[in-house]
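Descriptive structure summary
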Amino acid sequence: MSGAEDRPRKAALATLDAVLGRPPKRLEEAFAAAADAAGLEGRDRGFARLLATMVLRRKGQLDAVLDRLLRYRPNALTAANLLRLGACQLLLLDTPPHAAVATTVALARAKKRPEAGLINAVLRRIASDRPALGPVERNLPGWLRRRWEHVYGGEMVRQIAAIQAEEPPLDLTVPADRDAWAERLGGRPLGPNTVRLEHPGVIGALAGYDEGAWWVQDAAATLPVLSLGDVRGRRVLDAAAAPGGKTAQLAAAGALVTAVDNDVDRMGMLQDNLRRLGLDVDAVVADLKSWQAPAFDVVLLDAPCSATGTIRRHPDIPWHRDEADIRSQAEEQARLLDAAAALIAPGGRLVFATCSLEPEEGEDLTAAWFERHSELRRVEAPVPPPAELGLLPRGRGAWRSLPCAVEGGIDGFYFAHFRREISA
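Here is a short report on the structure shown in this document.

What counts as what
- Residues numbered from 1 in each chain as written.
- Predicted model: local features only at pLDDT ≥ 70, side-chain atom pairs only at ≥ 80, totals over all residues.
- Heavy atoms only, no water.
- Pairing = 2+ DSSP bridges.
- Helix = DSSP H or I, 4+ residues; strand = E, 2+ residues; numbered from the N terminus.
- Axes fitted to C-alpha atoms, helices over the stretch in contact; angles between N-to-C directions.
- Parallel < 35°, antiparallel > 145°, perpendicular 65-115°, else oblique.
- Contact = heavy atoms within 4.5 Å.
- Nonpolar A, V, L, I, M, F, W, Y, C, P; charged D, E, K, R; others polar.
- Buried < 20%, exposed > 50% of the residue type's maximum accessible area, 1.4 Å probe, protein only.
- 1 Å grid on protein atoms, 1.4 Å probe; cavity = no way out; pocket = protein on both sides within 12 Å on 5 of 7 lines; lining within 4 Å.
- Points joined across faces, edges and corners; volume = space filled by probe spheres on them.
- Phe/Tyr/Trp six-rings, centres within 6.5 Å; stacked < 30°, edge-to-face > 60°.
- Lys NZ or Arg CZ within 6 Å of the ring centre and 35° of its normal.

Here we come to the sheet that holds strand 4 (residues 215-216). Taken together, the 4 strands give an open sheet; going across it, the order is 2-3-1-4, and neighbouring strands pair in antiparallel fashion. Here the strands that pair on one side only, and so sit at the sheet edges, are strand 2 (188-190) and strand 4. Where strand 2 and strand 3 (residues 194-197) come together, 3 bridges link them in antiparallel fashion. The residue bridging Pro189 from the neighbouring strand is Val195, located in strand 3.

Have a look at this one:
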């Protein structure tokens, strides 16, 4: 095998070593570094990403197969990841068995791994026996699976795990001429202004990218803004705004938007995205908890969270989180909610959202927080979510989406509406 042919697998291995290492790196950061270092472009880059993400999506099932064939799993992370890469190609992709075994063993030898012989024997056994992968729920860490079974029930967890195990489609938010763009891009309309693409290819090469006709945003992520209805001419604060999908929605709908986030790099991404879209907002780098400004008609707080509702798009998340993260995130969300509430004008509205499936970051959090804010009332959303997206009502003005609600999946979101009372 030539070095050029092996570069995608090298990049996939480097990505997995970074994502599953200590300290762990985020998938997007790790893959970009590995792919750039390998000089990957086009189909090679796509294949490397597919390998890495497929291993992360199916890690629990792959490890269960490997554990049945090993007296002990290799202590070295790289050796374990080589086994996962080989098993993934044999059991989940259409790689010919000889090629899957030979390329993985060659990579092990190139890395001077002493386990190369073991890797060869185990992968040959898999190629010969074709063992079953087992239940899809194995791809969830035990702590997360137990939590979701308690909250949603075993059958719902199986459905969520099944949708998270597959490569997701790409959702584009199209503020104008959605149906025409769906036809032009070969996608299908979904919800009020989403076009879903099953096999998008390179995003920057799609029609409409350069002219800013759309932006990438999961269909569920559009719903907190869409639930506000008509925002033309209203002063709206998008708190914790980066990377800017909801900011773009608000600006495209005619709101006078101030976008605040404390992450300089992510705010740079927001401003780059808005320039491509031809949208103008007041972008401020600041910590919401200490930032002061005149009160707003609407405050939208899509708070930083555990992001367990986005695992289908970010398969590294289960391996980077634990229950302590959920508790600490919920504490920070309550502080951000306090700051957001102080910025609502009398009669104004607050929408709180998280892309988490955890009640501590949704229903339980807002119930406890609301008890401390007598100046607020729960209110209905001006526009309820579309029935086709299958959201679950969670009390007055509150909704939750589940990843398995529609074909191809959507992100798991929670959002709730509040209004500040007008003093007599």
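Packing of helix 4 (residues 59-69) against helix 5 (residues 77-91) leaves a shortest axis separation of 10 Å and a crossing angle of 100°. Comparing the axis directions of helix 4 and helix 5 gives the class roughly perpendicular. Contacts from Lys59, Leu62, Asp63, Val65 and Leu66 in helix 4 reach Leu83, Arg84, Ala87, Cys88 and Leu91 in helix 5. Of the residues assigned to the contact of helix 4 with helix 5, the class counts are 7 nonpolar, no polar and 3 charged.

Relative to the elements of secondary structure, Thr247 occurs in helix 12 (residues 245-252). With a relative accessible area of 0%, Thr247 lands in the buried category. If we skip the residues at most four places from it in the chain, Thr247 touches Asp238, Ala241, Val257, Ala259, Leu270, Leu274 and Val281.

Taking a probe equal in size to a water molecule and rolling it over the atoms shows the remaining empty space. One number sums up the size of the second largest pocket: a volume of about 190 Å³. In terms of lining, the second largest pocket is formed by 13 residues, of which the most central are Asn193, Val225, Leu226, Gln249 and Ala253. Residues of the lining of the second largest pocket, tallied by class, amount to 9 nonpolar, 4 polar and no charged.

For the rest of this paragraph, the subject is the packing of aromatic side chains. On inspection of all chains with the given rule, the structure shows 4 aromatic pairs. Their ring planes at 25° and their centres at 6.3 Å tell us that Trp291 and Phe296 sit as a pair that is stacked. This pair shows no difference in class: Trp291 is buried, exactly as Phe296 is. Consider the rings of Trp369 and Phe418, whose centres lie 5.4 Å apart with planes at 75°: the pair is edge-to-face. Placement of Trp369 in helix 15 (residues 363-370) and of Phe418 in strand 13 (residues 414-420) is noted, with a sequence separation of 49 residues between them. Among the residues examined, Phe418 registers a relative accessible area of 0% and is labelled buried. Through a chain of ring-to-ring contacts, three or more aromatic side chains come together here, namely Trp369, Phe370 and Phe418. Between the NZ or CZ atom of Lys59 and the centre of the ring of Trp319, over which it lies, the distance is 4.2 Å. The ring of Trp214 carries Arg276 above its face, with NZ or CZ at 5.6 Å from the centroid.

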